[in-house]
Amino acid sequence: MGKKGSKRKAQEQTAVEEVDGAQEEALRKSRATEEAEGGAPANTKGAERRRSAISVVGDETSTYLSEVMAHFQTLVEDEERQLLVANVMEEIAGKEQKAAADPVCSRHIEALLSVAQASQLTAFLSSIMDTGGLFELAVSPFGSHVAEKVLLRLESQLDGMTQEEFDAFIKVLEAMVHELGTELWKFMMDRFATHVARRVLCMLCGHDVLPPGSRGPQGGSGGGKASAGLAAKLPSKEKAAAGKQGQEGCRFPELLESLVSVLTREDYGGASMEELLGSRYASPFIQAALKAASMLQGNRSLLATLIPSLLGTSYFYDAGNKNKVPSGAKLIEGVSADRVYAMCMDSTTSHVVEAVMGVAHAVPGLIDAMLQRFFKGRMQDLAFHQSANFVLQAVLAATSTPAQVQPLYEELAPCIGDLLRCRRSGVVAALLAACGRANCCQKEACSALAAAIASTPQSSGKTGQEVLAPSLLCLDTAPVLGH
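These remarks concern the structure in this document. As the structure is a computational prediction, the values presented were derived from the model and not from experiment.

### So, the overall build of the protein chain
Next up, step 1: Helix and strand counts for the protein chain stand at 30 helices and zero strands.
Next up, step 2: For the protein chain, with 483 residues in total, the buried portion stands at 49%.
Next up, step 3: Across the protein chain, every contact between residues at least 6 apart in sequence was considered, and the portion connecting residues at least 24 apart equals 76%.
Next up, step 4: As presented, the protein chain carries roughly 22300 Å² of accessible surface, and 52% of it is formed by carbon and sulfur atoms.

In structure tokens form, the structure reads like this:
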């Protein structure tokens, strides 16, 4: 792969994008705003002129697509629209990639393909793969947007495809996965291409495995934590349904395994993996890959290799049988506890530790081993940290037995009041939910919570429901906590 050269190129590309890509990113954000508002803004002509200034297609193609769109908007019948799409695809054959990456034409291509049939969408992607490859399209802020929309549209039509259409689609999908696997580093590290890679991953899995905050055009690994709210820590019908969905397996398990297994290769280990985990573009893909790997029915070996790889293991335990998954303790034997602690304290890598805890239940004994090796005796430090407290919430959410929950409660109980005063009620809610699931320490936890709330200045002189219920409704708000 030429990893050092690839990393240097990725770094140089990122630096250039940060300086010179502001105009393209602003245009793409403007475009997303227009879509959200259901129309174009008042200064459409000015926006079009700015887009035309960085056009990548000839005037003839641009004019043709503009005229086609004007006619397209007058059509009502689906059959007429699809016929027009077929004519346009024939007209721009061989130029699809440039048109899709153009700031003006990409809007027209996207609108036309929104009504396209499966065969037309597959033909479009096939031409992209033949003329330059998926990466060449995906690195464009406009091209990546088109690619995502095409993939979403194709995914929605999978069940209605004929056998011939499905066979053609599989051929293109295999080609995309092959290119992704070959150039995965570049895809993950590019701020636009990473979104296309994530969308392909979701298509292979058959479920939305993306972490919160990474689903938008410019989503990074952040943004989803604080908005999760206390309700996210408590049991719900939606969570039960999601768990059931996850047990249904993947849509294309062999292709998914071939893509995710790239992350376990030797050339992705060590410093290379550290760089990926620290990237706000690559981290969400890795988190999604973890969740997708946990859905591979009957195959726990990939997940059992991926987890220690992400945690920076210095060696892998040899079970003597490649099909045998080591026990939880053996699995993380080569992982440094200090490294995991440092990952928890980092605003980017902490998300990966959260994701690991979210799938740890799929490997027998792993939750117990991680609690003992990485978190015992460090609960309070994690609880008060601005990033690590979310990891701790994920740890608490992963527990299910009294043996797991009771030591956590005993370590955290003395600081419940301080946690509330420091706006860390998410940790308290996760602890209460864990006690409820494990059916242990419930009385003690409720008593500790009531005492903590009663100790606040706002609760002075009040008792019972006068303080408890209103305070629970207003946790983490300034009027209650006195900040």
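Right, picking up where we left off after that structure.
### Examining the state of the cysteines
Next up, step 1: Throughout the structure, instances matching the rule amount to zero disulfides.
Next up, step 2: Of all cysteine sulfurs, the one in Cys441 lies closest to Cys435, which takes part in no disulfide; the gap is 5.2 Å.

### Re the packing of helix H10 (residues 141–156) against helix H13 (residues 193–205)
Next up, step 1: One can describe the packing of H10 onto H13 by two numbers: an axis separation of 9 Å at closest approach and a directional angle of 10 degrees. Here H13 runs roughly parallel to H10, going by the angle between their axes. Here Ser144, Ala147, Glu148, Leu151, Leu152, Leu154 and Glu155 of H10 come into contact with H13, specifically with His195, Val196, Arg199, Val200, Cys202 and Met203.
Next up, step 2: For the contact of H10 with H13, the residue count by class is eight nonpolar, two polar and three charged.

### Observations concerning the nonpolar core
Next up, step 1: With 143 residues, the main nonpolar core has Phe124, Leu201 and Phe375 as its most contacted residues.
Next up, step 2: With nine residues, H13 is the largest single contributor of residues to this core.
Next up, step 3: With near-sequence residues (within four places) excluded, Leu201 lies in contact with Val209, Leu256, Leu259, Val260, Phe285, Ala288, Ala289 and Ala292.

### Description of unusual backbone geometry
For residues other than glycine, phi is negative in most cases, and the peptide bonds are mostly trans.
Next up, step 1: If you check the backbone angles, Arg423 has positive phi at about 60 degrees while not being a glycine.
Next up, step 2: Of note, Arg423 is situated in the loop between helix H26 (416–421) and helix H27 (425–438).
Next up, step 3: For Arg423, a relative accessible area of 40% gives the class partly exposed.
Next up, step 4: Despite not being glycine, Cys441 shows a phi value in the positive range, around 60 degrees.
Next up, step 5: With relative accessibility at 13%, the residue Cys441 sits in the buried group.

Thresholds, definitions, all that
- Residues numbered from 1 in each chain as written.
- Predicted model: local features only at pLDDT ≥ 70, side-chain atom pairs only at ≥ 80, totals over all residues.
- Heavy atoms only, no water.
- Helix = DSSP H or I, 4+ residues; strand = E, 2+ residues; numbered from the N terminus.
- Buried < 20%, exposed > 50% of the residue type's maximum accessible area, 1.4 Å probe, protein only.
- Contact = heavy atoms within 4.5 Å.
- Areas by Shrake-Rupley, 256 points an atom, 1.4 Å probe, with all protein chains shown as cover.
- Disulfide = S-S within 2.5 Å.
- Axes fitted to C-alpha atoms, helices over the stretch in contact; angles between N-to-C directions.
- Parallel < 35°, antiparallel > 145°, perpendicular 65-115°, else oblique.
- Nonpolar A, V, L, I, M, F, W, Y, C, P; charged D, E, K, R; others polar.
- Core = buried A, V, L, I, M, F, W, Y, C linked by side-chain atoms within 4.5 Å.

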